[in-house]
Amino acid sequence: MAPKQKTPYKREPMVRNKLEVDMLEYQLTEARNELDVVKKQRDFFQDKSTNLENVADLQYKKVEHANAVSATLAKRLTNWKVLAIVEGMVIIGLLFILGVG
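Now for a quick tour of the structure. (Residues numbered from 1 in each chain as written. Predicted model: local features only at pLDDT ≥ 70, side-chain atom pairs only at ≥ 80, totals over all residues. Heavy atoms only, no water.)

Focus on the overall build of the protein chain
- Counting its secondary structure elements, the protein chain contains one helix and zero strands.
- By element, 63% of the accessible surface of the protein chain is carried by carbon and sulfur atoms, the whole surface being about 10300 Å². (Helix = DSSP H or I, 4+ residues; strand = E, 2+ residues; numbered from the N terminus. Areas by Shrake-Rupley, 256 points an atom, 1.4 Å probe, with all protein chains shown as cover.)

Remarks on the pattern of salt bridges
- Considering all chains together, one arrives at two salt bridges under this definition.
- A salt bridge links K18 to D22; its shortest N-O distance comes to 3.2 Å. You can see K18 and its partner D22 sitting in helix α1 (residues 18-98), four residues apart, about one turn around the helix.
- With relative accessibility at 32%, the residue D22 sits in the partly exposed group.
- D43 is the salt-bridge partner of R42, the closest N and O atoms lying 3.2 Å from each other.
- Looking at R42, the relative accessible area reads 45%, which means it is partly exposed. (Salt bridge = Lys/Arg side-chain N within 4 Å of Asp/Glu carboxyl O. Buried < 20%, exposed > 50% of the residue type's maximum accessible area, 1.4 Å probe, protein only.)

This is the structure in structure tokens:
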């Protein structure tokens, strides 16, 4: 069995007159207006955050693409250097073989 409560149940005070009702309605309206302002600010910052995330994603993709292109160009440049050295060696070899010089 649950133990009995030592403090009696307290009811919320009842509204006594029209003025109190009007005051409560005014407070409720003000609270709702403040909530609307906060919601608008939240939505604004969420939109800005989403836009920033999109821009950051695009920048990341651009950097990744630039890195891939840079790696490809470095490989090609290395191959061209090796081919130029081999071509130079072949030309020098032919000059020595043919005896020109």
